[in-house]
Amino acid sequence: MNPRPHILVVGSGLAGMYYALKVSSEANVTLVCKNQLFDSNTFWAQGGIASVMKEDDSIEKHIADTIEAGDGLCDLNVVTELLSKAPKVIEQLLHDGFNFTRNADGTLNLSREGGHSEARVVHAQDRTGEYLIKNLTEKIKAHPQITVLENTQVVDLYVNENICTGAWAINKTSNELILIRANLTVLATGGAGGIFKKNTNPAGATGDGYAMAWRAGALLSNMEFVQFHPTMFYSKNGNSFLISETLRGYGAELKLPNGDSFMQHYHKLGSLAPRDIISKAIAEQMQLNHIPCVYLDTTVFSEAELQGKFPYIFGQCIKHGINPSRQMIPVVPAAHYFCGGILADTSGKTSIPGLAVIGESACTGLHGANRLASNSLLEALVMADNCSKQTLQYLVDLEYTGEKFLNIAPVNLVSDEQIQKITNPAELQNMMWHFCGIIRTESLLKLFKNILPEQIKEVKNNIREYGLLPALIEQMNRLQTAFLVTDAAWKRKESRGCHLYKNYPLKLSAGAKSISIPYDGEQLIHIFEETIPQK
Ligand code: SIN
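Residues numbered from 1 in each chain as written. Predicted model: local features only at pLDDT ≥ 70, side-chain atom pairs only at ≥ 80, totals over all residues. Heavy atoms only, no water.

Examining helix H7 (residues 275-288)
To be explicit about the condition: A run of H or I in DSSP becomes a helix once it reaches four residues, and a run of E becomes a strand once it reaches two; helices and strands are each numbered from the N terminus. Multiplying one less than the number of residues by 1.5 Å gives the expected span of a helix. In this scheme, a residue with accessible area under 20% of its type's maximum is buried, one over 50% is exposed, and one in between is partly exposed, where area comes from a 1.4 Å probe on protein chains only.
Between its first and last C-alpha, H7 extends 20 Å over 14 residues, near the 20 Å set by a 1.5 Å rise per residue. Where H7 is concerned, the buried positions are Arg 275, Asp 276, Ile 278, Ser 279, Ala 281, Ile 282, Ala 283, Gln 285 and Met 286. His 290 lies just past H7 and shows a positive phi near 50°.

Put into structure tokens, the structure is as follows:
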């Protein structure tokens, strides 16, 4: 074995970057991302990192809040391990020079979010994700043992006899197909909120990791549990920006257009109830009152206070014509986070040797049926740290560690308009919202479950006709992720956490995690290879 093993990291959010930096002391790392290094879900995260950081809080309380939000599906051992390790990781970040928001006395300013019984969210004002990613990007770029491949779209994992030794990827600039070999491949590809019409994610959140792991034979779990964030700024023109839960933690209240509060009828924590309960309540109120949105009342705060504490949100509201110190902010729920994912242990180990997964793409049992706010950045950091410590145990043998390049000039040149026409991501986003959104019904799920395979077949035909266009790979990933969510949602005959099923409003007494059906098709790379004339 090479004395310095080669690790391939796919994805440049918090989990991928933090892992790459940690493991680079003992391995050579190639970090691949399909757009720019900073372009990740983490970059958009406002809230922060949940961690017990003050004396009158305790790990036990954090565990209890996480378990309550998870609605019977959290794994207690996993929750205990990951939450107990969080304070140490925060200490390490502080030691490494990260400056989180502090109080006048120099102590960390801890904010409170929905479902938390204490203020325990470490943050950098209301742009925590951006702050973390900007700092990590600088460190990654300067690191001699880390090679960054931007604009590089992974096509499929390279798996033989259930062992993963790298991945196929396309350099979107040179149009080359590259086989990147590695002793360990780590997926840190984030979630798939982008497959829904209303969502708080960047457009690149298309479920790439879920779909490629599924095609490679990995086990996925709990894909039906898509968390809808209750408060995205409502804009008639489509997706806008998140209104962080920390505003509600600070005292802002959800209201109807006439100024009446309604959350007290749904949960004892009112506007700070767990997200699944608030999103459902808002969806119900919107339907009952025939209104396109509800409102977040921030008018009790002065302009200076809002500008000082929430500069990003304040500035964005002003840009959208709302002064939140004088007008209530219009909000709607939007797809935000995938609680399920590729089945993994707390150090990222999957069912395929040579393949690990960390962060939102993983399903460890931490979130159960509904994630507690700000436990996601915590999970990304702790799993990345754990995985870096286990990496030497996860390595698989490899004879050839270089890269193989094949030129794949598109089979048939296609214009941007044609690509848009043959992929049409907006159509899928609308369907996902309609057929598999916040409140689900059996008939719509069943219908959609039968429509999706036809659309998947169409993309396969398009790959045969046009080649491995990055847009087609993304569309396949969107569709296959949509299928996994819809199939799992249809099969879970109960309402639990963020899975709300109109035909089955009650929760079953025994909760069990779901496992996705196995994939029985070909990998995209093989569909493409069939089209290459044999010599
Ligand atoms: C928020 O700031 O409301 C989002 C935080 C999270 O999703 O954990």
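Don't stop here, the text continues.
Structural notes on the sheet that holds strand S18 (residues 362-363)
Applicable threshold: The rule for pairing is simple: two strands pair if DSSP sees at least two bridges between them. For this analysis, residues touch if any pair of their heavy atoms sits within 4.5 Å. Simply put, an axis is a line fit to the C-alpha atoms, just over the touching stretch for a helix, and the angle between two N-to-C directions goes from 0 to 180 degrees.
One open sheet accounts for three strands, arranged S11-S16-S18; its pairing is mixed. Sheet topology places strand S11 (220-221) and S18 at the edges, where each strand pairs with a single neighbour. The strands that helix H5 (residues 208-215) touches are S11 and strand S16 (341-343); relative to S16, the one it contacts most, it runs at about 40°.

Topic: the sheet that holds strand S2 (residues 28-32)
Reading across from one edge, S6-S2-S1-S10-S17 is the order of the five strands in this open sheet, with parallel pairing throughout. Looking at strand neighbours, the two that pair on one side only are strand S6 (146-149) and strand S17 (355-357), the edges of this open sheet. This sheet shows a mean twist of 20° between the axes of neighbouring strands, independent of strand direction. Running over the sheet, helix H1 (residues 14-23) touches strand S1 (6-10), S2, S6 and strand S10 (184-187) and is turned about 165° from S2.

A word on helix H10 (residues 375-394)
Put simply, the rule is: The term bend refers to the angle at a residue between two fitted axes, each drawn through seven residues, those ending there and those starting there.
At Ser 388, H10 shows its maximal kink, close to 40°. Burial within H10 is extensive, with 16 of its 20 residues counted as buried.

Comments concerning the site of the ligand
Using the following cut-off: A cutoff of 4 Å decides nearness: a residue is near a molecule or strand if any of its heavy atoms lies inside that distance of it. Polar contacts here mean pairs of N or O atoms no more than 3.5 Å apart (in protein, one a potential hydrogen donor and the other a potential acceptor; neighbouring residues in sequence count only if both atoms are side-chain atoms). We get accessible surface area from the Shrake-Rupley algorithm with a probe of 1.4 Å; when it comes to residues, only the shown protein chains can shield them.
For the ligand, the full set of nearby residues is Gln 46, Gly 47, Glu 113, His 229, Leu 242, Ser 244, Glu 245, Arg 275, His 336, Arg 371, Ala 373 and Ser 374. One of the backbone N or O atoms of Gly 47 is found 3.0 Å from an oxygen atom in the ligand. Residue Glu 245 places a main-chain N or O atom 2.7 Å away from an oxygen atom belonging to the ligand. Burial of the ligand by the surrounding chains reaches 94%, relative to a free accessible area of 260 Å².

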